[in-house]
Amino acid sequence: QEQLVESGGGLVQAGGSLRLSCAASGRTFSSYGMGWFRQAPGKEREFVAAISWSGGSTYYVPSVKGRFTISRDNAKNTVFLQMNSLKPEDTAVYYCAATRGNWDKGRYDYWGQGTQVTVSS
């Protein structure tokens, strides 16, 4: 079972950047597809980005494509979300998640506790 801990959230002005990290504790991190989700107040959780177990394939929701980049370092059991050109509508709690299933389908088994990202206008 994977335990996931996110970090890197914070307050940033519109147009700025943040890099989220998610550290996994399990021994089989490299066998999991990894994803980032976000949930804004009063809204449903949104599937933002995902990466295959090898890192060779990625998925992005259209609203972040070209601005966000997901990557992973299997040697360090860590997945990253680099967020550039941030907009106020990116404000949300961001969650890291892991799956052994279809990583690009948004169905995940293990979740972190979330990290707050706030983008001021």
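Here's what I pulled together on the structure shown here. (Residues numbered from 1 in each chain as written. Predicted model: local features only at pLDDT ≥ 70, side-chain atom pairs only at ≥ 80, totals over all residues. Heavy atoms only, no water.)

### Let's talk about the pattern of salt bridges
Applying the stated rule across the entire model yields three salt bridges. Among the ionic pairs, Asp-90 bridges to Arg-38, the shortest N-O distance being 2.9 Å. With a gap of 52 residues between them, Asp-90 in the loop between strand 8 (78-83) and strand 9 (92-99) and Arg-38 in strand 4 (residues 33-39) connect regions that are remote in the sequence. Taking the relative accessible area as the measure of exposure, Asp-90 reaches 1% and is therefore buried. (Salt bridge = Lys/Arg side-chain N within 4 Å of Asp/Glu carboxyl O. Helix = DSSP H or I, 4+ residues; strand = E, 2+ residues; numbered from the N terminus. Buried < 20%, exposed > 50% of the residue type's maximum accessible area, 1.4 Å probe, protein only.)

### Section: the sheet that holds strand 7 (residues 68-73)
Taken together, the four strands give an open sheet; going across it, the order is 1-3-8-7, and neighbouring strands pair in antiparallel fashion. Only two strands of the sheet have a single neighbouring strand rather than two, namely strand 1 (4-7) and strand 7. Averaged over all pairs of adjacent strands, the angle between strand axes in this sheet comes to 15°, irrespective of strand direction. As defined by bridge partners, strand 7 adjoins strand 8 across six bridges and the pair is classed as antiparallel. (Pairing = 2+ DSSP bridges. Axes fitted to C-alpha atoms, helices over the stretch in contact; angles between N-to-C directions.)

These results come straight from atomic positions and should not be treated as a statement about function.
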